[in-house]
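Below, each chain spelled out in residue letters.
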Amino acid sequence: MTIIQYNDKPLAHYSYAIISDNMMALVDPSRDPKPYYKLAEQHNAKIVAVFETHPHADFVSSHLQIHKETGADIYVSKLVGANYPHKTFDDGDTFHLGSTVFSAINTPGHSPDSITIIAQNNDDYAMFSGDTLFIGDVGRPDLREKAGNMKAKREELAKSMYLTMQTKFNHLPDSTIVYPAHGAGSLCGKNMSTDASSTLGRERQENWAFKNLTEDEFVNHILKDQPFIPSYFGFNVDINKTGADNYEANIAQPDFHFKVEAFDSDALTIDVRNQDDFKKNHIAGSINIIAETENDKLETWLGSIVQPEEQFYIVLNSVEDKDEILHRIAKIGYEKQLLGLITLGNSTFESTDKIDLEDFKSHPDHYTIIDIRNKSEVEEGKIFDSAISIPLNELRDSEEDIPTDKPIVVHCAGGYRSAAGSSIISNLKKNIKVYDLSEAVSNFK
């Protein structure tokens, strides 16, 4: 068998194509099915199966579209109660892809309906562990408490994960290659390795979840210091349980407004240009969530700051960015609430003042400092002792927590989040100066 791993870097999401005897199976595919179709053409392979390890929270899967366009069967646990055509795949079930045999293991913990897919070809084993077993960690058990119509308590799932790690993989050889659904940077876990794969033997030696812990020790560790849960996670779980609409049809719907000279709307406006261009000229009331490189976190912060089904516009740097930004919005299922995309003309809208860094260094007590890092980051140490801590994902609901007796300075760890945070606070507090400390925060660490 041949295994091809796809890496969606902004979401740290891994999906897989497995080819055996001119047939192809997919595991946890991303929203856009085209890359998998291109691969099938290159290998003259027929896509016959799609495995979903669980209803994903951080991205929308293309499983239903692939089923409709290729005839491939979707395999998923019966515990999902999926609302799309599917075949159940649970403990003891098998599927043959030429000479490769796939089998299912029910591995609850991250979700009650998680499965791990085992692929065996002669003496070669691979496991597609979804969000159960990561490289160096295991999936967080607290997402289903805010997962729309599919709720489960974190303590119960943490105990399920303990049992999974103690009992579910014992029959597999150390040589089994571990292919997870996410890696470092994903909010589906907290301490994942940057490695894209591992072996089960290595994980048994190095992963904390395989250590000789009591149930209480395991549960306490897995529940401690989990990152925040973005607003869109539950929304995506519900979409994936039903199956998403056609990707290409949906991204064709939003309007496009080229070189606008005036703009007036009550809807939210998200500006994805770099922070320098944003600060020089931006539409009043817009929020700056930067999309510049494959290492930015547009999807995560768009889905954390903008609520599911909340309508919004996007301001682009150039028409050349239109398709890429639409693609990234659709990955989290937000394309239906996108009213339109905009590029700015030559009009002057609004600008943002730059901070007098020397004055701030000399008189930090003359400013209200807002630290928008995550709670776990703040617990490791404040950069400014007097700072008020409000995580970025909570800012839009924190107007009453921000005093206005002094100019406001916003900081994060490196400058990316403070661009969004300062623009949000500027909208909340229109009669006070709001400054973005940006990357200058490194001078104070």
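See the structure shown above.
Because the structure is a prediction, the values reported are computed rather than measured.

Within the protein, the secondary structure is distributed over 13 helices and 21 strands. Against the globule reference of 22 Å for 445 residues, the protein gives a C-alpha radius of gyration of 23 Å, in line with a compact fold. Structurally, the protein occupies a C-alpha span of about 70 × 50 × 35 Å along its principal axes. Out of the 445 residues belonging to the protein, those deemed buried represent 56%.

To continue, consider the nonpolar core. Side chains of nonpolar character tend, in soluble globular proteins, to be buried together. Of all hydrophobic cores here, the largest spans 52 residues; its most connected members are Ile-270, Ile-289, Leu-302, Phe-312, Ile-314, Ile-325 and Tyr-334. Residues contacting Ile-314, with those up to four places away along its chain left out, are Ile-270, Val-272, Ile-325, Ile-329, Leu-338, Gly-340, Leu-341 and Ile-342.

Quick look at the sheet that holds strand 20 (residues 408-411) now. Overall, parallel pairing links the 4 strands, which are arranged 19-18-20-21 in an open sheet. Both outer strands of the open sheet, strand 19 (388-389) and strand 21 (434-436), are each paired with one neighbouring strand and no more. Pairing of strand 20 with strand 21, which is carried by 3 bridges, proceeds in the parallel orientation. Looking at strand 21, one finds that Ile-408 is bridged to Val-434. The sheet strands contacting helix 13 (residues 416-428) are strand 18 (368-371), strand 20 and strand 21, and the helix crosses strand 21 at an angle near 175°.

Summed over all chains, the structure comprises 25 aromatic pairs. Judged by centre distance (5.2 Å) and plane angle (45°), the ring pair of Phe-51 and Phe-89 falls under tilted. Highlighted residues: Phe-51 in strand 4 (residues 46-51) and Phe-89 in the loop between strand 6 (87-88) and strand 7 (94-97), separated in sequence by 38 residues. The burial state of Phe-51 is the same as that of Phe-89; both residues are buried. When the ring centre of Phe-256 is taken as origin, the NZ or CZ atom of Lys-322, which lies over that ring, is 5.7 Å away.

Using the criterion set out here, one finds 19 salt bridges in the structure. Two residues, Arg-31 and Glu-335, come together in a salt bridge whose shortest N-O distance is 3.0 Å. Taken together, the residues Arg-31 in the loop between strand 3 (23-27) and helix 1 (34-42) and Glu-335 in the loop between helix 10 (322-330) and strand 17 (338-344) connect sequence positions 304 residues apart. Across this residue pair, the class does not change: Arg-31 and Glu-335 are buried. A salt bridge links Glu-310 to Arg-396; its shortest N-O distance comes to 2.8 Å. Of this pair, Glu-310 sits in the loop between helix 9 (298-305) and strand 16 (312-316) while Arg-396 sits in the loop between strand 19 and strand 20; the two residues are 86 residues apart in sequence, bridging distant segments of the chain.

What counts as what
- Think of each chain on its own: its residues are numbered from 1, step by step along the sequence as written.
- Given that the model is predicted, a residue must reach a pLDDT of at least 70 before its local features are reported, and side-chain atom pairs must reach 80 or more before they are shown or counted; all residues, however, enter totals for whole chains, interfaces and linings.
- Only hydrogens and water are set aside; all other atoms, that is, all heavy atoms of the structure, feed into the side-chain values.
- Only DSSP runs of H or I with at least four residues qualify as helices, and only runs of E with at least two residues qualify as strands; both kinds are numbered from the N terminus onward.
- We take the radius of gyration over the C-alpha atoms and set the globule estimate at 2.2 Å times the residue count to the 0.38 power.
- Relative accessibility thresholds used throughout: buried, under 20% of the residue-type maximum; exposed, over 50%; partly exposed, between the two (1.4 Å probe, protein chains only).
- Joining through side-chain atoms within 4.5 Å is the link that ties buried Ala, Val, Leu, Ile, Met, Phe, Trp, Tyr and Cys residues into a set, and such a set is a nonpolar core.
- Throughout, a contact is declared for two residues whenever any of their heavy atoms are within 4.5 Å.
- For two strands to be treated as a pair, DSSP must find at least two bridges joining them.
- Whenever a helix is involved, its axis is fitted only over the stretch in contact; in every case the axis is a line through C-alpha atoms, and angles between N-to-C directions fall within 0 to 180 degrees.
- Each pair of aromatic rings taken from Phe, Tyr and Trp, with Trp reduced to its six-membered ring, is defined by centres within 6.5 Å and is described as stacked if the planes are under 30 degrees apart, edge-to-face if over 60, and tilted in the remaining cases.
- Note on criteria: charge over ring means Lys NZ or Arg CZ within 6 Å of the ring centre, with the direction from the centre no more than 35 degrees off the ring normal.
- Salt bridge, as used here: a side-chain nitrogen of Lys or Arg that lies within 4 Å of a carboxyl oxygen of Asp or Glu.

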